[in-house]
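Overview (structure and organization)
Read off the chains here:
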Amino acid sequence: MKSGFLEKLLARLDRIDPVEAQQLLSRLIREKGFLEQVFEALHEGVIVLDEDGLITFINGAAQKFFGLDDEVLGEPLQRRVPGLDFTALAKPGKTVSRDLEVFYPENRYLNFYLSPIATPKKSGTFGWVMLVRDQTATRREAEDTLESERLNALTLLAAGVAHEIGNPLNSLDIHLQLLARRIKKLPPGDRDPLEEHLDTARREIQRLDTILRQFLEAIRPTTPNRERTDLHALLHETLRLLEPELASRDIAVELDLAPDFPPAEVDPSQFQQVFYNLLRNAYQAIRGNDGRIRIATFANDYESRISLSDNGSGISPEQMGSLFEPYKTTKQSGTGLGLLIVRRVVRSHGGEIEIESEPDQGTTITLHLPRGQRPVRLLEDHPGVIDID
């Protein structure tokens, strides 16, 4: 409704008969209700403020974003949205746009702009309108795109790395084998120091070969060869492989495995690599005595969960943001590719990885694996249900 209509209505209010006044009032109510329905239909949040920053209208989307209800009407915006300084944002005649992150009731990334509502004669500010957009999904898509581009760049680099490093490593290994045969023919006094140097060279070549192999596995797209797999048996097999290293560090492994844990359609070799990387990360994070690793499994109708917890050094908040970046590692001899490989394998199976950690308290990593389509569950018979033939 145009403001000119309201001005004319107010000018002749004393000359309007009751019937006409009733009609005009009904028209105002209808148009007000129509506008409210329009605002409620929007996915964007709409908040209308008066000149003092008091909330005069808020639609459902804005209530959802900030965890508010209808009781906020008449209250200052900055009181109900802590951290949003209305007095600093409200600049007469200027529209202000900002990004913000909210943590309640959900963690969201929002963008809003605050625009003044001018008086009919544009002599001042009648109030303010705040339009809020949810950019959480867009931000996540941008992060996924950035990660995809980063992996594509690494894939191109991997082809050159495999050629330039892999072939010389194979050649060095062959020549070291030839040297070992000649060294065996030398007298013991001359042979021992040479064998020591030879062993050092072999270990370094093996380390370089391991780094190259992990690098290629981390970024090379592979299609899982799925088969029905007992993940509990795969866990036990991986623990047997790591038993000497766990025993040498006096680390106890506690198992809390669900008795009804179902088999999964996964690539067993890839998931053995997942368990191997997670267990090695766990025991390498443990310092001193009383080291413990706890493995627990759980399953419901929708997903299977596998969690590995340790009482190691934990991960600082600064490091949590770069856990899946290549060559970002807290270990002196680490490559930073282990978790990148784990996440790639889990995501290729339709799952996700969750990490919780606290410095000096330990880390818990949980794998969430879907169990396919949601099954149909029949409800129990109820005496209130009537069968109709």
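Coordinates for the structure precede this section.
For the structure given in this document, a descriptive report is provided here. (Residues numbered from 1 in each chain as written. Predicted model: local features only at pLDDT ≥ 70, side-chain atom pairs only at ≥ 80, totals over all residues. Heavy atoms only, no water.)

**What to know about the sheet that holds strand 12 (residues 362–370)**
Strand order in this open sheet of 5 strands is 7-9-10-12-11, and the pairing throughout is mixed. The sheet terminates laterally at strand 7 (251–256) and strand 11 (352–358), the two strands that pair on one side only. On average, adjacent strands in this sheet sit at an angle of 15° to one another, irrespective of strand direction. As paired elements, strand 11 and strand 12 share 7 bridges and run antiparallel to each other. If you follow Glu356 over to strand 12, its bridge partner there is Thr364. The sheet strands contacting helix 8 (residues 231–248) are strand 7, strand 9 (291–299), strand 10 (303–310) and strand 12, and the helix crosses strand 7 at an angle near 170°. Against the sheet, helix 11 (residues 338–348) engages strand 11 and strand 12, with an angle of about 140° to strand 11. (Pairing = 2+ DSSP bridges. Helix = DSSP H or I, 4+ residues; strand = E, 2+ residues; numbered from the N terminus. Axes fitted to C-alpha atoms, helices over the stretch in contact; angles between N-to-C directions. Contact = heavy atoms within 4.5 Å.)

**Structural notes on the packing of aromatic side chains**
One pass over the full model with this rule turns up 2 aromatic pairs. Ring plane angle 90° and centroid distance 6.0 Å describe the contact between Phe86 and Trp128, whose orientation is recorded as edge-to-face. Pair noted here: Phe86 is in helix 5 (residues 86–89) and Trp128 is in strand 5 (residues 125–134), with a separation of 42 residues, a long-range link. For the ring pair Phe271 and Phe275, a centre distance of 6.1 Å and an interplane angle of 70° mean the geometry is edge-to-face. One end of the pair, Phe271, and the other, Phe275, are both in helix 9 (residues 268–284), 4 residues apart, so they sit about a helical turn from each other. A single burial state applies to Phe271 and to Phe275, both of which are buried. Its end group placed over the ring of Tyr109, Arg139 keeps NZ or CZ at 3.9 Å from the ring centre. (Phe/Tyr/Trp six-rings, centres within 6.5 Å; stacked < 30°, edge-to-face > 60°. Buried < 20%, exposed > 50% of the residue type's maximum accessible area, 1.4 Å probe, protein only. Lys NZ or Arg CZ within 6 Å of the ring centre and 35° of its normal.)

**Here we look at the pairing of strand 1 (residues 45–50)**
Burial analysis of strand 1 places 5 of its 6 residues in the buried class, the great majority of the element. Examined bridge by bridge, strand 1 and strand 2 (residues 55–58) share 3 bridges and lie antiparallel to one another. Bridge pairing in strand 2 links Ile47 to Ile58. What sits between strand 1 and strand 2 in their antiparallel hairpin is a turn of 4 residues, with Gly53 showing a positive phi close to 85°.

**Some details on the packing of helix 8 against helix 9**
One way to put it is that helix 8 packs onto helix 9 with a least axis distance of 9 Å and a crossing angle of 40°. As the angle between them shows, helix 8 and helix 9 are arranged oblique. For the crossing formed where helix 8 meets helix 9, the hand is right-handed. Listed contacts from helix 9 to Leu231, Leu234, Leu235, Glu237, Thr238, Leu239, Leu241, Leu242, Glu245 and Leu246 of helix 8 are Pro268, Phe271, Gln272, Phe275, Tyr276, Leu279, Arg280 and Tyr283. When the residues that make up the contact of helix 8 with helix 9 are grouped by side-chain class, the tally is 13 nonpolar, 2 polar and 3 charged. (Parallel < 35°, antiparallel > 145°, perpendicular 65-115°, else oblique. Left-handed = near helix turned anticlockwise from the far one by under 90°. Nonpolar A, V, L, I, M, F, W, Y, C, P; charged D, E, K, R; others polar.)

**As for unusual backbone geometry**
The omega torsion of the bond from Tyr104 to Pro105 falls at 0°, within 30 degrees of zero and hence cis. Inspection of the secondary structure puts Pro105 in the loop between strand 3 (96–102) and strand 4 (108–118). If you check the backbone angles, Asp250 has positive phi at about 55° while not being a glycine. Relative to the helices and strands, Asp250 is located in the loop between helix 8 and strand 7. Residue Asp250 is classed as exposed on the basis of its relative accessible area, which comes to 57%. In this model, Asp360 sits at a positive phi of 65°, which is unusual for a non-glycine residue. Looking at the element boundaries, Asp360 is found in the loop between strand 11 and strand 12. Judged by relative accessible area, which is 63%, Asp360 ranks as exposed.

**Focus: the pattern of salt bridges**
Scanning the entire structure with this criterion turns up 8 salt bridges. A salt bridge links Arg80 to Glu75, with the shortest nitrogen-to-oxygen separation between them at 3.4 Å. A salt bridge links Asp134 to Arg108, with the shortest nitrogen-to-oxygen separation between them at 2.7 Å. Of this pair, Asp134 sits in strand 5 while Arg108 sits in strand 4; the two residues are 26 residues apart in sequence, bridging distant segments of the chain. Connected through shared salt-bridge partners, Glu106, Arg108 and Asp134 make up one network. (Salt bridge = Lys/Arg side-chain N within 4 Å of Asp/Glu carboxyl O.)

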